[in-house]
Amino acid sequence: MEEIYCFAGNPLDRVSQRRQDAAWVASLLQRPDTRLLPLQSLKPQVRHSSAVTLDWQSVAAWQPLIDAGNTLILLGMRDGRAYFALDATAATPPPDGDTVAMDARAVAPLIDDGEAAILAEARSLIDWHARHRFCAQCGTRSVPAAGGWVRHCPNCQAHHFPRVDPVVIMLAVRGERCLLGRGRRRVGARFSCLAGFMEPAETLEEAVRREVLEESGIRIGRVRYLASQPWPFPSSLMMGCLAEALSEEITIDPDELAEVRWFEREEVRAMVDRSRSDDPIPGLATLPPPLAIGHQIARRWAFGIDSV
Ligand SMILES: [Zn+2]
């Protein structure tokens, strides 16, 4: 069984057949045990009285916002109880000393893995609705259906489904060295696996070879898929791979990256340790935090768990 990374392992049953039934979805909102997660500007309210938890609420308090047509998503069911997410950006947050709005990236490492996965689902779906209000085919305003899992066009009858953007993220390896890059926008010493969006009509392996060649000039042979991670910013699927480098001379793409270089295995092990610390030493190379699959790919190669 593969390792589960942050934002994966959603415990809810998405009830993808039953959610087509609008009357059934409406009946779930009447049940007193139904729980609702309001997101304001894509941020959940978080309760931090003891352990940090998502602030699940009853439906009743949010009924006016639901009635006003704000985006409502049926996230799924668990143990007979329904879970919804609501775009509550239009609401003034009720004063509550125990809750605070937190960005999903900041809150995810602090909450239970299953809750982080549910949060990813809620964030991706609400964001998709906010950016896809009109039919891509005829321009008419579309309406959500099936518990928020489709938008229907009342004019041309087209159905539009929430999209997932596949991204390849890979560690190119040659012997005891691997290839890491530093982005233009990120200042400091954080290096990561190379990554990029897949293009239409391309295999995973072809996308890995193309992205590594474009960003570093390195030619890739064998590609080994390791694991994937939902990345709800806004709705990517990170597909992690190890890649066998066939060449060593780096030619950087200056539009994409500030620096690309080879790192020894020992160096990457030290970077894994440093990136777990809240207090990195200035100037020393580090990796993304453990939350990110790029950290996990580098860690697993550095400690000999995976090889290409
Ligand atoms: Zn249309």
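Read on for a plain summary of the structure. (Residues numbered from 1 in each chain as written. Predicted model: local features only at pLDDT ≥ 70, side-chain atom pairs only at ≥ 80, totals over all residues. Heavy atoms only, no water.)

## Some remarks on the overall build of the protein
Rule in force here: Counting from the N terminus, the helices are the DSSP runs of H or I reaching at least four residues and the strands are the DSSP runs of E reaching at least two. Our radius of gyration looks at C-alpha atoms and nothing else; its globule reference is 2.2 Å times the residue count to the power 0.38. Should any heavy atoms of two residues lie within 4.5 Å, those residues are counted as being in contact. Each accessible area is a Shrake-Rupley estimate made with a 1.4 Å probe; only the visible protein chains count as cover when residues are assessed. We treat Lys and Arg as the positive residues and Asp and Glu as the negative residues; His and chain ends play no part in the count. For this purpose, a charge sits on NZ of Lys, CZ of Arg, CG of Asp or CD of Glu.
Looking only at helices and strands, the protein has 7 helices and 16 strands in total. The C-alpha radius of gyration of the protein comes to 22 Å, within 12% of the 19 Å expected for a compact globule of 308 residues. For the protein, the spread of C-alpha atoms along the principal axes amounts to about 60 × 50 × 35 Å. Across the protein, contacts joining residues at least 24 apart in sequence account for 65% of those joining residues at least 6 apart. In the structure as shown, the protein presents an accessible area of about 15100 Å², 50% of it carried by carbon and sulfur atoms. Charge centroids of the protein, computed over 35 positive and 40 negative side chains, lie 1 Å from each other.

## Some words on the pairing of strand β13 (residues 194-197)
The following threshold applies: Summary of the burial criterion: residues with accessible area below 20% of their type's maximum are buried, those above 50% are exposed, and those between are partly exposed, where the area comes from a 1.4 Å probe applied to protein chains only. What makes two strands pair is DSSP finding at least two bridges between them.
Residue alternation in β13 divides its side chains into a buried set, L194 and G196, and an unburied set, A195 and F197. Examined bridge by bridge, strand β11 (residues 165-174) and β13 share 4 bridges and lie antiparallel to one another. Residue pairing across strands places V168 opposite G196, the latter belonging to β13.

## Quick notes on the environment of M239
Looking at the element boundaries, M239 is found in strand β15 (residues 236-245). Put simply, M239 and C156 are 83 residues apart on the chain and 35 Å apart in space, counted from C-alpha to C-alpha. Apart from the residues within four sequence positions on either side, M239 is in contact with P166, V167, V168, I169, M198, L204, Y225, A227 and S228.

## Digging into the packing of helix α6 (residues 265-276) against helix α7 (residues 293-302)
Under the convention used in this document: Axis definition: a line fitted to C-alpha atoms, limited for helices to the stretch in contact. Angles are taken between N-to-C directions and run from 0 to 180 degrees. Here is the rule for angles: anything less than 35 degrees is roughly parallel, anything more than 145 is roughly antiparallel, 65 through 115 is roughly perpendicular, and the remaining ranges are oblique. Crossing chirality is assigned from the near helix's rotation relative to the far helix, an anticlockwise turn below a right angle marking it left-handed and a clockwise turn marking it right-handed. Gly falls in the polar group here, along with every residue not listed as nonpolar (Ala, Val, Leu, Ile, Met, Phe, Trp, Tyr, Cys, Pro) or charged (Asp, Glu, Lys, Arg).
The contact between α6 and α7 brings their axes to 9 Å, and the two run at 135°. Regarding the angle of α6 to α7, the classification is oblique. Remark: the crossing between α6 and α7 carries left-handed chirality. Touching R265, V268, R269, V272, S275 and R276 of α6 are H295, A298, R299, W301 and A302, all from α7. Looking at the contact of α6 with α7, its residues break down into 5 nonpolar, 2 polar and 4 charged.

## Here we look at the nonpolar core
Inclusion rule: Buried residues of nine kinds, namely Ala, Val, Leu, Ile, Met, Phe, Trp, Tyr and Cys, make up a nonpolar core once their side-chain atoms join them within 4.5 Å.
If you look at the biggest cluster of nonpolar residues, it comprises 52 residues, and the most contacted ones within it are F7, L75, L171, L180 and V268. In contact with L180, other than residues within four places in its own chain, are L171, F191, S192, C193, E259, V260, R261, F263, V268, M271 and L287. Within the second largest apolar cluster, 20 residues are counted, among which are L194, L204, V223 and L257.

## So, the pattern of salt bridges
Short version of the rule: Salt bridges, as used here, are contacts in which a Lys or Arg side-chain nitrogen is within 4 Å of a carboxyl oxygen on Asp or Glu.
Scanning all chains against the criterion turns up 18 salt bridges. Of the charged contacts in the structure, one is a salt bridge between R261 and E259, with a shortest N-O distance of 3.7 Å. E259 gets classed as partly exposed once you look at its relative accessible area, which sits at 27%. Residue R300 is joined to D306 by a salt bridge in which the shortest nitrogen-to-oxygen separation is 2.5 Å. Judged by its relative accessible area of 8%, D306 falls in the buried class. In the salt-bridge network here, residues are joined through shared partners; they are E199, E202, R210, E211 and E214.

## Focus: the sheet that holds strand β9 (residues 150-152)
The pairing of strands in a sheet happens through backbone hydrogen bonds and is either parallel or antiparallel. One open sheet holds the 3 strands; their spatial order is β8-β9-β10, and the pairing between them is antiparallel. The sheet is open, and its two edges are formed by β8 (143-145) and β10 (159-160), each paired on a single side. Pairing between β9 and β10: 2 bridges, direction antiparallel. Within β10, the residue paired with R151 across the bridge is H160.

## Remarks on α7
In terms of burial, α7 is largely enclosed, as 10 of its 10 residues are buried. Among the residues of α7, I293, G294, H295, Q296, I297, A298, R299, R300, W301 and A302 are the ones counted as buried.

## Section: the coordination of the zinc ion
Condition: Sodium, potassium and calcium take a 3.2 Å donor cutoff, other metals 2.8 Å, and in both cases only N, O and S atoms count; water is not among them, so sites may look incomplete. Irregular is the default label, applied whenever a site is not tetrahedral (four donors, all angles between 85 and 135 degrees) and neither square planar nor octahedral (four or six donors, opposite donors over 155 degrees apart, all other angles between 65 and 115).
Bound to the zinc ion are the protein donor atoms C135 (SG), C138 (SG), C153 (SG) and C156 (SG), situated 2.3 to 2.4 Å from the metal. Geometry at the zinc ion is tetrahedral, judged from its 4 donor atoms and the angles of 101 to 117° they form at the metal. Mapping the donors of the zinc ion onto the primary sequence yields the spacing C-x2-C-x14-C-x2-C. Remark: C153 occurs in the loop between β9 and β10 and C135 occurs in the loop between α4 (113-131) and β8; sequence separation between them is 18 residues. Take C135 and C153: they sit in the same class, and that class is buried.

## Side note on the packing of aromatic side chains
Quick reminder of the rule: Aromatic rings from Phe, Tyr and Trp, with only the six-membered ring used for Trp, were paired whenever their centres fell within 6.5 Å, and each pair was classed as stacked if the ring planes differed by under 30 degrees, edge-to-face if by over 60, and tilted otherwise.
Enumeration according to the criterion identifies 5 aromatic pairs in this entry. Ring geometry for W56 versus Y83: centroids 5.1 Å apart, planes at 80°, classification edge-to-face. You can see W56 sitting in the loop between β3 (53-54) and β4 (57-58) and its partner Y83 sitting in strand β6 (residues 81-87), a full 27 residues away along the chain. The two residues W56 and Y83 agree in class, both being buried. Centroid distance F191 to F263: 4.9 Å. Interplanar angle 65°. Geometry classified as edge-to-face.

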